[in-house]
Amino acid sequence: MITSDDVRRAALALPETTEKIAWEMPTFRVAGKMFVTLPETETSMAVKCPRHERDELVLAEPEKFWVAAHEASSAWVRVRLAALDDLDELRDIVTDSWRQAAPERLLPSEGRESPG
């Protein structure tokens, strides 16, 4: 089962990522911008996700993805850690969120490997 420690390792493996406690929960940031939070009892995570993609994810896999009421107007989606298939899926989700927050200078150029 995927744990909050797995989330922490996946996030901190990405370039220039830092961990900071905010709102009494761990948050992960790149260049000062949050891209992952570990809310509640750390059994889920919130990640950046464009709203149109977020809505598709929630409709396709409601057991895995949902939108918290206070995040309905923002570009965040919640992910149930227990519903993730494996560490590769976790890393893909965290990396996609990181890319949305990372400055362009950190993003891989065409033909180069992805971060992490």
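Heads up: the structure comes first, above all this text.
The following refers to the structure shown. What you see is a predicted model, and the numbers here were worked out from it, not measured in a lab.

Parameters and conventions
Residues numbered from 1 in each chain as written. Predicted model: local features only at pLDDT ≥ 70, side-chain atom pairs only at ≥ 80, totals over all residues. Heavy atoms only, no water. Helix = DSSP H or I, 4+ residues; strand = E, 2+ residues; numbered from the N terminus. Rg over C-alpha atoms; globule rule 2.2 N^0.38 Å. Buried < 20%, exposed > 50% of the residue type's maximum accessible area, 1.4 Å probe, protein only. Contact = heavy atoms within 4.5 Å. Areas by Shrake-Rupley, 256 points an atom, 1.4 Å probe, with all protein chains shown as cover. Pairing = 2+ DSSP bridges. Expected span 1.5 Å × (residues − 1). Polar contact = N/O pair within 3.5 Å; in protein donor to acceptor, adjacent residues only side chain to side chain.

Here we look at the overall build of the chain
Step number 1: Across its full length, the chain carries three helices and six strands.
Step number 2: In the chain, the order of α-helices and β-strands from amino to carboxyl end is α-β-β-β-β-α-β-β-α.
Step number 3: Here the C-alpha atoms of the chain give a radius of gyration of 13 Å, agreeing with the 13 Å that 2.2 N^0.38 yields for 116 residues.
Step number 4: Dimensions of the chain, computed from the C-alpha atoms along their principal axes, are close to 35 × 30 × 30 Å.
Step number 5: Counting the 116 residues in the chain, one finds 42% classified as buried.
Step number 6: Considering only residue pairs separated by 6 or more positions, the chain has 48% of its internal contacts joining residues 24 or more positions apart.
Step number 7: Total accessible area computed for the chain in this model is approximately 6,700 Å², and 50% of it derives from carbon and sulfur atoms.

Some thoughts on the environment of Leu 90
Step number 1: With respect to the helices, strands and loops of the structure, Leu 90 is situated in helix α3 (residues 87-101).
Step number 2: With a relative accessible area of 0%, Leu 90 lands in the buried category.
Step number 3: For the pair formed by Leu 90 and Met 25, sequence separation is 65 residues and the distance between their alpha carbons is 19 Å.
Step number 4: Ignoring sequence-local partners within four residues, the contact set of Leu 90 consists of Ile 2, Asp 6, Val 7, Ala 10, Met 45 and Leu 84.

Regarding the pairing of strand β2 (residues 25-30)
Step number 1: Buried residues dominate β2, accounting for six of its six residues.
Step number 2: The alternating pattern of β2 places Met 25, Thr 27 and Arg 29 and Pro 26, Phe 28 and Val 30 on opposite faces, both of which are buried.
Step number 3: Summarising the sheet, strand β1 (residues 17-22) and β2 pair through six bridges and their orientation is antiparallel. Bridging from a neighbouring strand, Glu 19 pairs with Phe 28 of β2.
Step number 4: Relative to strand β3 (residues 33-37), β2 runs antiparallel, the two being bridged by four bridges. If you follow Val 30 over to β3, its bridge partner there is Lys 33.
Step number 5: What sits between the antiparallel neighbours β2 and β3 is a turn of two residues, in which Ala 31 has the positive phi angle 55°.

A few points about unusual backbone geometry
As a rule of thumb, non-glycine residues mostly have phi less than zero, and peptide bonds are mostly trans rather than cis.
Step number 1: A positive phi angle, close to 55°, is found at Ala 31, a residue other than glycine.
Step number 2: Its location among the elements puts Ala 31 in the loop between β2 and β3.
Step number 3: Take Ala 31: its relative accessible area is 48%, and that puts it in the partly exposed class.
Step number 4: The backbone phi angle of Glu 42 is positive, close to 65°, even though this residue is not glycine.
Step number 5: Following the sequence through the fold, Glu 42 ends up in the loop between β3 and β4 (44-48).
Step number 6: For Glu 42, a relative accessible area of 25% corresponds to the partly exposed category.

Considering α3
Step number 1: The end-to-end C-alpha distance of α3 is 21 Å, a good match for the 21 Å that 15 residues give at a rise of 1.5 Å each.
Step number 2: Sitting at the amino-terminal end of α3 is Asp 86, which places a side-chain oxygen 3.1 Å from the backbone nitrogen of Asp 88.

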